[in-house]
Amino acid sequence: MLADPRRRSADRAGEHLLHRHFTADELPRLRVQVEQCAAWAGLSETRRGDFVLAVDEIANNAVEHAGGTGSLLLRRIGDELECRISDSGPGFSEDVIPRILPGLDGATSGRGLWLTQLVTDRLVISAGAVGAVVTLAMRLR
């Protein structure tokens, strides 16, 4: 659900802008909602496109590699827009992120993670209670 600008839930963990579960069918709508929230939070138009692309790549990975569903939490924390995507797949670590553009080194996967690392200010991959949690963020200023 989108945050209502008139009724924002701010706490010590940040201002929640969007929290929802998703499947493959919901990815187009999720992209629109992330873009709307990023604009409302003040992310510049140029950076907003990169942010939406990165979120889309990670959400697609959750659907494709981790059981077909995921959960997204988008929030503003200080001067950052942070997105946390969790899934119930087998999990993975940052070691799977290619060091150079996938394809140039013979790798057949990892392009979305590589791209996300390239365009965001912060990318953290950790284990969740089940599956993986991927957190990406961009500074708003």
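Up top is the structure.
Described in the following lines is the structure provided in the data block. (Residues numbered from 1 in each chain as written. Predicted model: local features only at pLDDT ≥ 70, side-chain atom pairs only at ≥ 80, totals over all residues. Heavy atoms only, no water.)

Describing the nonpolar core
To keep things clear, this is the line we draw: Think of a nonpolar core as a cluster: buried Ala, Val, Leu, Ile, Met, Phe, Trp, Tyr and Cys residues, connected wherever their side-chain atoms sit within 4.5 Å. A simple rule labels every residue: compare its accessible area, found with a 1.4 Å probe on the protein chains alone, to the largest value its type can have, and call it buried under 20%, exposed over 50%, or partly exposed in between. We count a stretch as a helix when DSSP gives it H or I for four or more residues in a row; a strand needs E for two or more, and each element gets its number in order from the N terminus. In this description, contact between two residues means that some pair of their heavy atoms is separated by no more than 4.5 Å.
Counting 31 residues, the largest nonpolar core has Phe-22, Val-34, Phe-51, Leu-72, Leu-74, Leu-81 and Ile-85 as the members making the most contacts within it. Within the residue set of this core, elements represented by two or more residues are strand E2 (14-23), helix H1 (27-41), helix H2 (45-65), strand E3 (69-77), strand E4 (80-86), helix H3 (111-119), strand E5 (122-127) and strand E6 (132-139). The biggest single contributor to this core is H2, with eight residues. Those residues within four positions of Leu-81 in sequence are excluded, and the remaining contacts are Leu-17, Ala-38, Ala-41, Leu-43, Phe-51, Leu-74, Arg-75, Arg-76, Leu-136, Ala-137, Met-138 and Leu-140.

Quick look at the pattern of salt bridges
As a reminder, the rule being used: A side-chain nitrogen of Lys or Arg and a carboxyl oxygen of Asp or Glu constitute a salt bridge if their distance falls within 4 Å.
Counted by the stated rule, this structure contains nine salt bridges. Where Arg-48 meets Glu-35, a salt bridge forms, and the shortest distance between an N and an O atom there is 2.8 Å. Of this pair, Arg-48 sits in helix H2 while Glu-35 sits in helix H1; the two residues are 13 residues apart in sequence, bridging distant segments of the chain. Judged by its relative accessible area of 14%, Arg-48 falls in the buried class. The partly exposed category is assigned to Glu-35, whose relative accessible area is 31%. Taken together, the shared-partner salt bridges in this structure form one network comprising Arg-75, Glu-80, Glu-82, Arg-84 and Arg-122.

What about the side chain of Glu-80?
Just so we agree on the cut-off: Distance and chemistry together define a polar contact, namely a pair of N or O atoms within 3.5 Å, with one atom able to donate a hydrogen and the other to accept it when in protein, and with adjacent residues in sequence counting only for side-chain atoms on both sides.
Counting through the fold element by element, Glu-80 comes out in strand E4. With a relative accessible area of 16%, Glu-80 lands in the buried category. Within the local environment of Glu-80, its side chain forms a polar contact with the side chain of Arg-122, the two groups lying 2.6 Å apart.

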